[in-house]
Each structure stands twice: as C-alpha cells, then as structure tokens.
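Fold and geometry: a report
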Amino acid sequence: MPVKDWLPAAVRAAAIDRKLKAGEALFRLGDRSAGFCEVIAGRVRMARVDRAGHEVILYVAGPGETLAEASLFSPAYHCDAIASTDATVRIYPKAAMLAAFDKDPKAAQAFGATLARQVMNLRTRIEQRNIRSARERVRHYLSVNAGADGRSVDLQGTLKDLAAELGLTHEALYRTLAALERAGEIKRSRGKITLLRPRKGG
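Attention here is on the structure that accompanies the text.

A short note on the nonpolar core
Core analysis: the biggest nonpolar cluster contains 17 residues, and Leu26, Phe27, Cys37, Val44, Leu67 and Val89 have the highest contact counts within it. The leading source of residues in this core is strand E8 (residues 87–93), at three residues. In this view, valine 89 contacts Ile16, Asp17, Arg18, Leu20, Leu26, Cys37, Glu38, Ile40 and Val44; residues no more than four positions away in its chain are not counted. Within the second largest apolar cluster, 15 residues are counted, among which are Tyr141, Leu155, Ala163 and Leu173.

Comments concerning the packing of aromatic side chains
Applying the stated criterion across every chain, the model contains six aromatic pairs. Seen from their ring centres, tryptophan 6 and phenylalanine 111 are 6.2 Å apart, and the 55° between their planes marks the pair as tilted. Placement of tryptophan 6 in the segment before helix H1 (9–14) and of phenylalanine 111 in helix H3 (residues 105–129) is noted, with a sequence separation of 105 residues between them. In this pair, the class of tryptophan 6 matches that of phenylalanine 111, namely buried. Aromatic pair phenylalanine 36 and phenylalanine 111: ring centres 5.9 Å apart, planes at 80°, arrangement edge-to-face. On the criterion of sequence distance, the pair formed by phenylalanine 36 in strand E3 (residues 35–41) and phenylalanine 111 in helix H3 is long-range, its members being 75 residues apart. Take phenylalanine 36 and phenylalanine 111: they sit in the same class, and that class is buried. Pairwise contacts between aromatic rings join Trp6, Phe36, Phe73, Tyr92, Phe101 and Phe111 into one cluster.

Quick word on helix H5 (residues 159–166)
Of all the residues in H5, the buried ones are Asp161, Leu162, Ala163 and Leu166. Contacts made by the buried residues of H5 are with H3, helix H4 (134–145) and helix H6 (170–182). Two residues or fewer past H5, glycine 167 is found with a positive phi of approximately 75°.

What counts, and at which threshold
- Residues numbered from 1 in each chain as written.
- Predicted model: local features only at pLDDT ≥ 70, side-chain atom pairs only at ≥ 80, totals over all residues.
- Heavy atoms only, no water.
- Core = buried A, V, L, I, M, F, W, Y, C linked by side-chain atoms within 4.5 Å.
- Buried < 20%, exposed > 50% of the residue type's maximum accessible area, 1.4 Å probe, protein only.
- Helix = DSSP H or I, 4+ residues; strand = E, 2+ residues; numbered from the N terminus.
- Contact = heavy atoms within 4.5 Å.
- Phe/Tyr/Trp six-rings, centres within 6.5 Å; stacked < 30°, edge-to-face > 60°.

See below:
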C-alpha cells in the first residue's frame, strides 16, 4: 500500500524532501536516526562494508518504496543509505510518526503490514542467496518477480544493481543471462527480461 494512502496528514505535512546526487549518502551507519524514508525518485541502496572493505548491499529501494523503518525504534541507523542514482527522498520525522501511531491505530496497522511484506521479501532473498548455482539463482529471481502475465520481469535499475541484489558478480550475472538466452529460456530487451518457456533439465 502506498505511503500516501495510510500516513496521517500531520506526518505528511512534517516531511522533508532531500535531493541526492548519485553516490551521495542519505545517512551512514551510526548516524543519529531522524525518521523513516520514502524514495520519491531514483534509487537508494542500503549497504554495509564487510571486513575486507567490500560493500554488501542489503536492499535497494526505488520510487514509492520505503527504507529505514527500524530507525523509528532505534537511536542510530544500522547501515549506510547511498543514492545509486540521482534521487529524491522524503524523510518522515520519527517523533511525528510515533505520535501518529499512538493516535491512529489504522496507521500503525498499515505500518505493521508494510514491515510484514518486507519480512517476506527478505525471506525470499535469503532463499535466493542459499542457491549455489548462479543459473538456478537467476531462474529463481525471474520466476518470483515475473509480472501478472507470468513471463515479463521489469528490471529496476541496472544489471549491476541486480547482480549485487543476487549476491553475484556482474560478470557472473552477464554470463548466466547470456547462457539462458542462448538456451531459449529468456529474451532480453531494454529494462525487461521475458521468460520464453519452462526450462527442461539443467
């Protein structure tokens, strides 16, 4: 459900829009939390840096999607939020959000439903990451994200973004997509992948 459909007017009125350039941080790990955020335009990734200095992408939010919900209940952010593209982000202040939940049970329930959907999405991503074969991991992603026709997958962001989401190098993703296309399983076009037929065997 879009934020505008359940967020009380008082909270919407208190929101602050922030424009980001690609690569600019919305916030960093350990920063004091200000509230939860909605991406209005562009894409923003939530990430951490591992011990080897590599960025590990936790989630990528596009227009209409939210991030940093847990910050409402924490004094500090638990990861970095970096603009993957030029972006506009709307920040809903923590105090206004919590006050709205106290006064409006329906808003609190809608927020809870949003969190429940995110848990479901997280479980799907964990399932994907546990698939060792790059080809099977990509097949899983495509099947889960196919549209209403059961065949069309609209890509949000670049293939490099998708590779990071799947936990693959972009080279491995390119090779896998090329192999699936040669096998007649998919057709690639700008911003879209179409599933052509059920796979038969490996």
